[in-house]
Amino acid sequence: MFIQKPRGMHDILPDEAPLWWRLERTARELCARYGFEEVRTPVLEYTELFRRGVGEATDIVEKEMYTFEDRGGRSVTLRPEGTAGAVRAYVEHKIYSLPQPVKWFYIGPMFRYERPQAGRQRQFHQFGVEVFGSDDPACDAEVIELGIDFLAAAGLEGLELELNSVGCPDCRPEYRRRLQEYFRPFAGQLCEDCRERLERNPLRLLDCKNASCRRIADGAPVITEALCDACRRHDEGVRRHLEAAGIAYRLNPRLVRGLDYYTRTAFEVVEGAIGAQGTVLGGGRYNGLVRELGGPERPGIGFAAGLERLILALKAKQAGEPAKTAVDLFGVAVGEEADAALTRHLRRLRRAGCRALRGFDGKSLKAQLKAADRSGARWALILGEEELRRGVAILRDLRTGNQKEVPLGELENWWTEERDYDGSPQS
Ligand SMILES: [Zn+2]
Ligand SMILES: [Zn+2]
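Notes on the structure follow. Here the structure is a predicted model, which means the values were calculated and not measured. (Residues numbered from 1 in each chain as written. Chains lettered and ligands numbered in written order. Predicted model: local features only at pLDDT ≥ 70, side-chain atom pairs only at ≥ 80, totals over all residues. Heavy atoms only, no water.)

### Observations concerning the sheet that holds strand β4 (residues 75-78)
Applied cut-off: By definition, two strands form a pair when at least two bridges between them are found by DSSP. The numbering of helices and of strands both runs from the N terminus, where a helix is a DSSP run of H or I of at least 4 residues and a strand a run of E of at least 2. Convention adopted: a line fitted to C-alpha atoms gives each axis, helices being fitted over their contacting stretch, and angles between N-to-C directions are expressed from 0 to 180 degrees.
Here we have three strands laid out as an open sheet, ordered β2-β4-β3, and antiparallel in their pairing. The sheet is open, and its two edges are formed by β2 (44-46) and β3 (66-69), each paired on a single side. Here the strands of the sheet are splayed against their neighbours by 35° on average, with no regard to which way each runs.

Okay, structure coming up:
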């Protein structure tokens, strides 16, 4: 019986893989420009890390994690996001004792047990960055700038940056209290989730998607009025630097992010007013997280962007572009001796950087030439007993049909000259 892939998982087939390379290359090049270095953490962590790092009262931890016992009886979880693992690595390797700030990025798969729908998979990919050890508003602005540059380089248009401050442990408790005071009389009209949030995580009442909850949330007090002086100054600093960088933003006091560890700056990049469904990048400051996960007091800020949606945008953009030639040369041999010689000479050409294929299974000359055409190769290299005896190969230009003989000893030279003359890019 045929076994399908698990629900919500998907295959990236070779026709799509080059789009992934391109997106990942864009991320890496941009990160290098801003001085971010790559970190690769395991996809599997102890469950406790996410309980503490993401927060007990979040949808991710309550409903969406792939959690199971390993054979040693320890509870482990496939990472639902990248920040907790990065912070764990930062603490575990005592990176906090090095000169700060430390600027990291990651690219990789994340796992959430959500209901699969268009553009949402249970295994999905994120590009994210984290900066540890700086509380400077200029740092917030730089992280946002990198995110915006990345999305623009990926070809996304009509983006809007939404910005808010979610306060700090000094001013948030008071705001929390005000929210509870406001929402309590409406408790009967709230959805089941929100009734629970009212006591455990009242900030989340502001970003519920339920229509009735939304209507009530519209009249709720906004955090902007409740910020302490330090948070207000920080927020003004971030805006000053964004304006200096020429980055437009829209203040959204309802932007709270789903995670408990965020402090002060919170931001999202959305696709032209589609609402929460259109969020392509989100992040914020998390000054309490390093301490929460057993490290010293160190501020942090980061963002994460889902790559599946960007791949869709790239695909749409590329639909009209002609496919690029991925093959330079296709080897064709007639006879057993020539067949073995072909193996030897193709190896030389590949070592010289030539993208060279060959046919298998002893097909006829005609069938092999047909395969050479189908491969999209520029050249066919033809080798028979006669050519072998004379120490030459026939090189046929598959675009023009012209052909010439090249001494076997000169194949690398021939290739190097052709490549330079043709100016075809080498990967
Ligand atoms: Zn504050
Ligand atoms: Zn609700």
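### What to know about the pairing of strand β11 (residues 300-306)
Heads up, the condition is: Only protein chains enter the accessibility calculation, which uses a 1.4 Å probe. A residue is then buried if its area is under 20% of the maximum for its type, exposed if over 50%, and partly exposed in between.
In terms of residue burial, β11 counts as a mostly covered element, since six of its seven residues are buried. Two strands pair when backbone bridges link them, and strand β6 (residues 123-132) and β11 are joined in this way by seven bridges, in the antiparallel orientation. The partner of Gly128 across the bridge, within β11, is Ala304. Pairing geometry for strand β10 (residues 279-285) and β11, over five bridges, is antiparallel. By the bridge assignment, Gly284 is partnered in β11 with Gly302.

### Remarks on the packing of helix α1 (residues 17-34) against helix α11 (residues 307-318)
The line we're drawing: The scheme is simple: roughly parallel for angles under 35 degrees, roughly antiparallel for over 145, roughly perpendicular for 65 to 115, oblique for anything else. Crossing handedness is read from the near helix: turned anticlockwise from the far helix by less than a right angle, it gives a left-handed crossing, and turned clockwise, a right-handed one. In what follows, residue pairs with any heavy atoms lying within 4.5 Å of each other are defined as contacts.
One way to put it is that α1 packs onto α11 with a least axis distance of 10 Å and a crossing angle of 115°. Classified by the angle their axes make, α1 and α11 are roughly perpendicular. The handedness of the crossing between α1 and α11 is right-handed. On the side of α1, the interface is formed by Leu19, Trp20, Arg22 and Leu23, while α11 contributes Leu307, Glu308, Leu310, Ile311, Leu314, Lys315 and Gln318.

### Description of the coordination of the zinc ion (ligand 1)
The following threshold applies: Metal donors: N, O and S atoms at distances within 2.8 Å, or within 3.2 Å for Na, K and Ca, with water omitted from the atom set so that some sites may seem incomplete. Irregular is the label for any site that misses the other tests, which are tetrahedral for four donors with all angles between 85 and 135 degrees, and square planar for four donors or octahedral for six when opposite donors exceed 155 degrees and the remaining angles lie between 65 and 115.
The protein atoms that coordinate the zinc ion (ligand 1) are Cys168 (SG), Cys171 (SG), Cys228 (SG) and Cys231 (SG), at distances spanning 2.2 to 2.3 Å. What the four donor atoms of the zinc ion (ligand 1) show is an angle range of 100 to 114° at the metal, which sorts the shape as tetrahedral. Sequence spacing among the residues donating to the zinc ion (ligand 1) works out to C-x2-C-x56-C-x2-C. Assigned by exposure class, Cys168 and Cys171 land together as buried.

### Focus on helix α13 (residues 365-375)
Here is the rule: Taken from the helix axis, the directions to the C-beta atoms give the arc we talk about.
For α13, the complete set of buried residues consists of Gln368, Leu369, Ala371 and Ala372. The arc that holds the buried residues of α13, viewed along the axis, is 155°, so those residues lie on one side. Residues of α13 that are exposed and angled more than 90 degrees away from the buried face: Lys366, Lys370 and Arg374. In the core, the buried residues of α13 are packed alongside β12 (329-333), β14 (379-383) and β15 (392-397). Remark: Gly376 follows α13 within two positions and exhibits a positive phi of approximately 85°.

### Comments concerning the packing of α1 against helix α5 (residues 137-153)
The line we're drawing: Charged means Asp, Glu, Lys or Arg here, nonpolar means Ala, Val, Leu, Ile, Met, Phe, Trp, Tyr, Cys or Pro, and polar covers whatever is left, Gly included.
Close contact between α1 and α5 brings their axes to 10 Å; oriented N to C, the two are set at 150°. Here α1 lies roughly antiparallel to α5, going by the angle between them. When the axes of α1 and α5 are compared, the crossing they make is right-handed. Along its contact with α1, which presents Leu23, Thr26, Ala27, Leu30, Cys31 and Tyr34, the element α5 presents Glu142, Glu145, Leu146, Asp149, Phe150 and Ala153. Here the contact of α1 with α5 is built from residues that sort into eight nonpolar, one polar and three charged.

### Notes on the sheet that holds strand β5 (residues 102-111)
Strands sit in the order β1-β5-β6-β11-β10-β9-β7-β8 across an open sheet of eight strands; the sheet is mixed. Among the strands making up the open sheet, the edge pair consists of β1 (37-38) and β8 (250-251). Sheet strands in contact with α1 are β1, β5 and β6, and its direction is about 160° off that of β5. Each of β7 (159-165), β8, β9 (263-271) and β10 touches helix α9 (residues 229-244); the most contacted strand, β9, lies at about 40° to it.

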